[in-house]
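# A look at the structure
Letter by letter, the chains look like this.
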Amino acid sequence: MTTGESVIRRMYMYGLDRAKVVGSENVFDYSLGNPSVAPPSAYTDALVDLVQNENPLLVHGYSPNVGMPQAREAIVKDLNKRYHMGYTLKNIFMSVSAAGALAHAFRAVVTPGEGQNIITFAPFFPEYIHYVGGSGAELKVVPADFSSFQINFEAFESMIDEKTVAVLINSPNNPSGIVYSTQTIERLANILRAKSAELGHVIYLISDEPYREIVFEGTDAPFVAKFYDNTIVCYSYSKSMSVPGARTGYCLINTEAEGYEDFVAVCVQISRCIGHNCPPTLMQLAVARDAGATSDLAVYETNMNILYDELTSLGFEMVKPGGTFYMLPKALEADATAFCEKAKQFDLILVPGDSFGAPGYFRIAYCVPTEKVRRSLMAFRKLAALYKH
Ligand code: PLP
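The residue numbering used here restarts from 1 in each chain and proceeds along that chain's sequence as written. Given that this is a predicted model, residues contribute local features only at a pLDDT of at least 70 and side-chain atom pairs are listed and counted only at 80 or more, while totals for whole chains, interfaces and linings are drawn from all residues. Excluding hydrogens and water, the side-chain figures rest on all heavy atoms present in the structure.

## Remarks on the site of the ligand
Around the ligand there are 15 residues in total, and Asn 174, Asp 208, Tyr 211, Ser 236 and Ser 238 lie nearest to it. The backbone of Ala 99 places a nitrogen or oxygen atom 2.9 Å from an oxygen atom of the ligand. Between an oxygen atom of the ligand and a side-chain N or O atom of Lys 239, the distance comes to 2.9 Å. A run of DSSP states H or I qualifies as a helix once it reaches four residues; a run of E qualifies as a strand once it reaches two. Both are numbered from the N-terminal end. Those elements that provide at least two residues to the shell around the ligand are α5 (97-109) and α6 (127-133). Top element by residues in the shell around the ligand is α5. It accounts for 3 residues. The nearness test applies per residue and asks whether one of its heavy atoms lies within 4 Å of the molecule or strand. Pairing of N or O atoms within 3.5 Å defines a polar contact, subject to two protein rules: one partner must be a possible hydrogen donor and the other a possible acceptor, and residues neighboring in sequence count only if both atoms are side-chain atoms.

## So, the sheet that holds strand β11 (residues 351-352)
Spatially, 3 strands are ordered β9-β12-β11 in an open sheet, and the strand pairing comes out antiparallel. Two strands in the sheet have a free side with no partner beyond their single neighbour: β9 (326-327) and β11. Relative to strand β12 (residues 362-365), β9 is paired through 2 bridges, and the arrangement is antiparallel. Across the sheet, the residue bridging to Tyr 326 is Ala 365, located in β12. A strand pair is defined by DSSP finding two or more bridges across the two strands.

## Describing the side chain of Ser 97
Following the sequence through the fold, Ser 97 ends up in helix α5. Any two residues having at least one pair of non-hydrogen atoms within 4.5 Å are treated as being in contact. Sequence-distant contacts of Ser 97, defined by excluding residues within four places in its chain, comprise Tyr 235, Ser 236, Ser 238, Arg 247, Thr 248 and Gly 249.

## A short note on the sheet that holds strand β2 (residues 92-95)
As a general point, the strands of a sheet are linked pairwise by backbone hydrogen bonds and lie either parallel or antiparallel. Strand order across the open sheet formed by 7 strands is β2-β8-β7-β6-β5-β3-β4, with mixed pairing between neighbours. Of all the strands in the sheet, just β2 and β4 (138-142) have a single pairing partner and so form its edges. Recorded for the sheet is a direction-independent mean angle of 20° between the axes of neighbouring strands. Here β2 runs beside strand β8 (residues 249-253); their pairing, made up of 4 bridges, is antiparallel. For helices, the axis comes from a line fit to the C-alpha atoms of the stretch in contact; other axes are also lines fit to C-alpha atoms, and the angle between any two N-to-C directions lies between 0 and 180 degrees.

## Overview of the nonpolar core
One finds Tyr 30, Leu 307, Leu 350, Ile 364 and Tyr 366 to be the most contacted residues of the largest nonpolar core, which totals 49 residues. Mapped onto this core, the elements with two or more residues apiece are α1 (7-22), α11 (298-313), β9, α12 (336-343), β10 (348-349), β12 and α13 (370-385). Reported domain spans reflect what an automatic or database domain assignment gives. Here this core gathers at least three residues from each of two domains, domain 1 (7-32 + 297-385) and domain 2 (42-289). In contact with Ile 364, not counting residues within four places along its chain, are Tyr 30, Leu 307, Leu 311, Phe 325, Tyr 326, Met 327, Pro 329, Leu 350 and Phe 380. Definition of nonpolar core: a set of buried residues of the types Ala, Val, Leu, Ile, Met, Phe, Trp, Tyr and Cys, connected through side-chain atoms within 4.5 Å. Think of it in three bands: residues with accessible area under 20% of the maximum for their type are buried, residues over 50% are exposed, and the middle band is partly exposed, with areas taken using a 1.4 Å probe on protein chains only. One finds Phe 93, Ala 101, Leu 168 and Ile 178 within the second-largest nonpolar core, a separate group that totals 38 residues.

## Remarks on the environment of Asp 208
Locating Asp 208 in the fold gives a position in strand β6 (residues 204-208). Residue class for Asp 208 comes out buried when judged on its relative accessible area of 4%. Along the backbone, Asp 208 and Glu 198 are 10 residues apart, and their C-alpha atoms lie at a distance of 26 Å. Among residues more than four places away in sequence, those in contact with Asp 208 are Ala 98, Leu 102, Tyr 128, Leu 168, Ile 169, Asn 170, Ser 171 and Cys 234.

## Points about the packing of helix α2 (residues 41-53) against helix α10 (residues 281-289)
For the pair α2 and α10, the least separation of the axes is 8 Å and the interaxial angle reads 125°. Between α2 and α10, the angle falls in the class oblique. Along this stretch, α2 crosses α10, giving a crossing that reads as right-handed. In contact with Tyr 43, Ala 46, Leu 47, Asp 49, Leu 50 and Val 51 of α2, α10 contributes Leu 282, Met 283, Leu 285, Ala 286, Val 287 and Arg 289. Note that the term roughly parallel is reserved for angles under 35 degrees, roughly antiparallel for angles over 145, roughly perpendicular for angles of 65 to 115, and oblique for everything else. If you view the pair so one helix is near and one far, a crossing is left-handed when the near helix is turned anticlockwise from the far one by less than a right angle, and right-handed when it is turned clockwise.

Structure representation (structure tokens):
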């Protein structure tokens, strides 16, 4: 049983309470990663058509445990077109979004009771602690490289041990917005190959990719699975299609990975044990109509540029995001929680970076309307002014 409160949710709830007092239009709520753009019309049109014109026993019935064949076929076809990986239905298992995909991937590689660990890199999505904990492994977090938010390789290499069964990455990254470069992924893959050989067992690379489609102009965004055979991709439509409530995603294993032949069958057994089974049929069928469709994601880059320009001119230090709808500037005092508390007086809802493994930093989730981003700049100016002596 876990009772740890999410600081993200706490700030979000505060924002809702505040909105009742001053009106939601006056609260600059940058707490939650809830998409702010409409789903693609291909998706909503498909939903309407499926509900009105298809067999209700199909669209409202149980999905097979592995997922709807229409969705699996459409997704591998789209992925093969984009990444030329030669995926087939044997590579893919449909899941309840990224959270469900990760729950399966962790359990597929961990043997409970063996004291195994999975390594991830700060800054990181704090729910990983709970997701990994539930699999029976321990999550070990490599401290951040604050200069770039790429991987701190020296610290990483010293943390791999004989109990390491997987490395978990998230690029484009929540909370920093950073995208791991080709150079970073190549170096990571080289280390994993060398360490797997040295330790005599495979170290899997689990790549959590809900933000894969949200990449900004000029950013080098490699497809991770191309670089390391023993990769399991965990994907979600929550952010790319703006449908977090639809709970749709998948696990995708490379054909060259150890355990590939059994992977989908193993996931089916896992889903029976953890109750994350039979993802919503209707939502899978809607994805199947156009698996490559995305929302109009350009607004996130617009918002990022507005905030980046203003905040850096106010003296905030940050690494410029290459994707997602998050940024992670350095707070103007050492205690980011105190900083975020001060921000509240201007109805700016920010999240301290401590739980992301980035003390002294704060996260801005800029998935809000652009006009609101512009209006929030005055609040940031007032906040920065508190620190001018
Ligand atoms: N992984 C990361 C990095 C996330 O930011 C989130 C949600 O914000 C998730 C996983 C879980 O998302 P979902 O289960 O909606 O796909």
